[in-house]
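The chain contents come next:
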Amino acid sequence: FFFFFFFTPFATMSGNAAHGSTGPYARYAAPPAANEGYAQGAGGYGGGAPGYGAGGAAPGYGGQGGYAPPPGAYGQQQYVDPAYQQGPGGDGEADKGKRGKKNIALEALNKNVMIWAGFFTTSLFVYFVLSGGDFSFLMTYGAMSRMFGFGILNIKTFLSKRATGVSIKTLQLYCLVFFFRLTSIIRHEGYLPYDKSGDWLYHVIEILALIFTASACWGCMGPFKQTYQPDQDRFGEMNVPPGYGAVYLAVPILILAILVHPNLNSDFMSDVAWTYAMYLESVALIPQLYMFQKQTSGVVELLTAHFVAALGFGRLLEFAFWVYSYHELATAAGSKLPGYLALFSQFMQLVLMLDFFWYYYMAVKNATPLVLPTQGSGMGIV
């Protein structure tokens with residue numbers, strides 16, 4: 001069936017060209033001979049007079065010469081479709097340029113699909129093999145997404161040998177997030193997933209995420225420092241030395257975690273460390289989004305966009321988990337305020353990323369660069 005419908009048009013075209021028929025491809029056939037009209041023989045329609053388009057004119061009324069077709073009429077010159085002209089600078093070269101751009105866009109789209117397809121395939125393996133299938137696996141899944149995001153960032157930084165478009169402040173804050181979370185979950189089990197992924201897998205994922213984050217931070221501050229853009233990564237730099245703007249997020253949230261924290265570990269230091277990590281993660285992406293907004297062009301590198309999208313996806317998974325489990329985050333006195341604060345902070349992070357998610361979706365869908373609105377457009381993310 002496929003063979004018939006695919007090859008029949010080409011066979012028809014060859015047949016029409018060979019027999020001089022008037023089929024749909026006849027206009028691309030060889031032109032008639034100079035002394036040949038529609039009748040393909042000596043005579044025209046009547047059989048006696050030269051056919052239309054013949055070399056001489058037929059006798060007309062009064063003995064005068066009949067009508068002879070001008071040069072370029074039917075029978076005199078082969079018709080060439082403008083769409084098939086391949087002259088210099090013509091439509092042919094324009095079509096080649098369009099095809100080249102389409103191929104590049106398709107290649108970029110395939111890379112996007114392959115990156116996320118690999119992540120989701122690994123997620124399925126972890127869920128069915130290394131997890132007990134409990135609802136709490138969403139915590140492990142969210143941690144995997146964060147680790148995946150920082151892995152992409154390392155690939156972007158070390159393969160391109162550039163730190164453009166990356167906020168060091170966000171990396172510093174995430175280093176604090178993973179460090180304080182590990183100090184809590186390694187010593188106690190109160191905030192671990194209930195399924196078997198909480199036995200060891202969750203710890204390994206958080207350790208790898210810390211290593212990836214520290215590695216990317218070192219790359220941006222060390223060997224690739226010349227490509228870092230401090231003039232755009234200026235969040236919170238008011239009355240503090242350059243590069244220390246993150247303290248406006250880290251210090252107030254630490255105070256909040258000390259004052260309002262759950263008591264699942266029944267250990268002050270461990271409970272505060274875990275709470276601080278969760279609260280701080282909700283605002284750790286703000287310097288990166290701020291940096292996107294400060295870029296004059298608004299264009300975000302593709303791998304950097306994947307990095308931020310993976311962090312946002314991980315936060316979305318954890319938010320879905322805590323929507324059903326926030327009541328467990330209670331103080332020693334039984335207050336559920338820590339649970340409400342956890343939900344509120346995560347929800348606000350997702351709200352801040354709504355614009356980014358939309359532009360990211362459109363860029364991946366159309367295989368085009370991700371372009372965010374700049375500050376001057378009045379549509380800033382942060």
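Because the structure is predicted, anything quoted here is derived from the model rather than measured.

1. Some details on the overall build of the protein chain
Okay, step 1: Per the secondary structure count, the protein chain includes eleven helices and two strands.
Okay, step 2: Residues counted as buried form 41% of the 382 residues belonging to the protein chain.
Okay, step 3: At a minimum sequence separation of 6, the contacts of the protein chain that also span at least 24 residues come to 71%.
Okay, step 4: Summed over all atoms, the accessible surface of the protein chain reaches about 20,700 Å², with 67% contributed by carbon and sulfur.

2. Here we look at the packing of helix H7 (residues 268-281) against helix H9 (residues 302-325)
Okay, step 1: Between H7 and H9, the shortest axis-to-axis distance is 12 Å and the interhelical angle comes to 125 degrees. Taken as axis vectors, H7 and H9 run oblique relative to one another. In terms of crossing hand, the pair formed by H7 and H9 is left-handed. Residues Trp274, Met278 and Glu281 of H7 form the contact with H9, whose own contacting residues are Arg315, Glu318 and Trp322.
Okay, step 2: Looking at the contact of H7 with H9 residue by residue, the class counts come to three nonpolar, no polar and three charged.

3. What to know about the packing of aromatic side chains
Okay, step 1: Taken as a whole and assessed by the stated rule, the structure comprises 33 aromatic pairs.
Okay, step 2: Plain terms: the ring middles of Phe150 and Tyr174 are 5.1 Å apart, the flat faces sit at 65 degrees to each other, and that makes the pair edge-to-face. In this pair, Phe150 is assigned in helix H3 (residues 137-160) and Tyr174 in helix H4 (residues 168-185), connecting sequence segments 24 residues apart.
Okay, step 3: With relative accessibility at 0%, the residue Tyr174 sits in the buried group.
Okay, step 4: Seen from their ring centres, Phe150 and Phe178 are 5.8 Å apart, and the 80 degrees between their planes marks the pair as edge-to-face. One end of the pair, Phe150, is in helix H3; the other, Phe178, is in helix H4, with 28 residues separating them in the sequence. Each member of the pair Phe150 and Phe178 is classed as buried.
Okay, step 5: Through a chain of ring-to-ring contacts, three or more aromatic side chains come together here, namely Trp116, Phe119, Phe120, Tyr127, Phe128, Phe137, Tyr141, Phe148 and Phe313.

4. Some words on the side chain of Ser131
Okay, step 1: Its location among the elements puts Ser131 in the loop between helix H2 (91-130) and H3.
Okay, step 2: With a relative accessible area of 6%, Ser131 lands in the buried category.
Okay, step 3: There is a polar contact of 3.1 Å between the side chain of Ser131 and the backbone nitrogen of Gly133.
Okay, step 4: Look past the residues within four positions of Ser131 in its chain and what remains in contact with it is Val126, Phe137, Asp195 and Lys196.

5. Quick notes on helix H5 (residues 201-221)
Structurally, the α-helix is built with 3.6 residues per turn, so residues lying three or four positions apart point the same way.
Okay, step 1: Here H5 is 21 residues long and its end C-alpha atoms lie 30 Å apart, about the 30 Å a rise of 1.5 Å per residue gives.
Okay, step 2: Within H5, burial applies to Leu201, Tyr202, His203, Ile205, Glu206, Ala209, Thr213, Ala216, Cys217, Gly219 and Cys220.

6. Section: unusual backbone geometry
Okay, step 1: Even without a glycine there, the phi angle at Asn239 is positive, about 60 degrees.
Okay, step 2: By the element assignment, Asn239 lies in the loop between H5 and helix H6 (247-259).
Okay, step 3: Classification of Asn239 as exposed rests on a relative accessible area of 82%.
Okay, step 4: Phi angles above zero are rare outside glycine, and Ser266 is one such case at about 55 degrees.

7. Some remarks on the pattern of salt bridges
Okay, step 1: Counted according to the given criterion, the structure contains 13 salt bridges.
Okay, step 2: We note a salt bridge from Glu281 to Arg146, for which the minimum N-O separation is 3.2 Å. Linking Glu281 in helix H7 with Arg146 in helix H3, this pair joins segments that are 135 residues apart in sequence.
Okay, step 3: With a relative accessible area of 1%, Glu281 lands in the buried category.
Okay, step 4: Of the charged contacts, one joins Arg162 and Glu301 as a salt bridge, the two residues approaching to 3.2 Å between their closest N and O atoms. Of the two residues, Arg162 sits in the loop between H3 and H4 while Glu301 sits in the loop between strand S1 (299-300) and H9, which places them 139 residues apart along the sequence.

8. Some thoughts on the state of the cysteines
Okay, step 1: Counted by the stated rule, this structure contains zero disulfides.
Okay, step 2: Take Cys175: it sits in no disulfide, and the sulfur closest to it among the cysteines is that of Cys217, at 5.2 Å.
Okay, step 3: Free of any disulfide, Cys220 has its nearest cysteine sulfur in Cys217, 6.9 Å distant.
Okay, step 4: Judged by its relative accessible area of 0%, Cys220 falls in the buried class.

9. Some points on H3
Okay, step 1: Taking 1.5 Å of rise per residue, 24 residues should cover 34 Å, and H3 covers 34 Å from first to last C-alpha, within 8% of that figure.
Okay, step 2: Immediately beyond the C-terminal end of H3, within one or two residues, lies Lys161, with a positive phi of roughly 55 degrees.

10. Here we look at the confidence of the model for the protein chain
Okay, step 1: The pLDDT averaged across the protein chain works out to 78; a share of 69% of its residues lies at or above 70.
Okay, step 2: Confidence drops under a pLDDT of 50 for residues 1-67, and excluding neighbours within four residues, the segment shows 59 contacts in the predicted structure.
Okay, step 3: Confidence over residues 376-382 falls short of pLDDT 50; this stretch has 16 contacts with residues more than four positions distant or in other chains.

Thresholds applied
Residues numbered from 1 in each chain as written. Predicted model: local features only at pLDDT ≥ 70, side-chain atom pairs only at ≥ 80, totals over all residues. Heavy atoms only, no water. Helix = DSSP H or I, 4+ residues; strand = E, 2+ residues; numbered from the N terminus. Buried < 20%, exposed > 50% of the residue type's maximum accessible area, 1.4 Å probe, protein only. Contact = heavy atoms within 4.5 Å. Areas by Shrake-Rupley, 256 points an atom, 1.4 Å probe, with all protein chains shown as cover. Axes fitted to C-alpha atoms, helices over the stretch in contact; angles between N-to-C directions. Parallel < 35°, antiparallel > 145°, perpendicular 65-115°, else oblique. Left-handed = near helix turned anticlockwise from the far one by under 90°. Nonpolar A, V, L, I, M, F, W, Y, C, P; charged D, E, K, R; others polar. Phe/Tyr/Trp six-rings, centres within 6.5 Å; stacked < 30°, edge-to-face > 60°. Polar contact = N/O pair within 3.5 Å; in protein donor to acceptor, adjacent residues only side chain to side chain. Expected span 1.5 Å × (residues − 1). Salt bridge = Lys/Arg side-chain N within 4 Å of Asp/Glu carboxyl O. Disulfide = S-S within 2.5 Å. pLDDT = per-residue confidence, 0-100.

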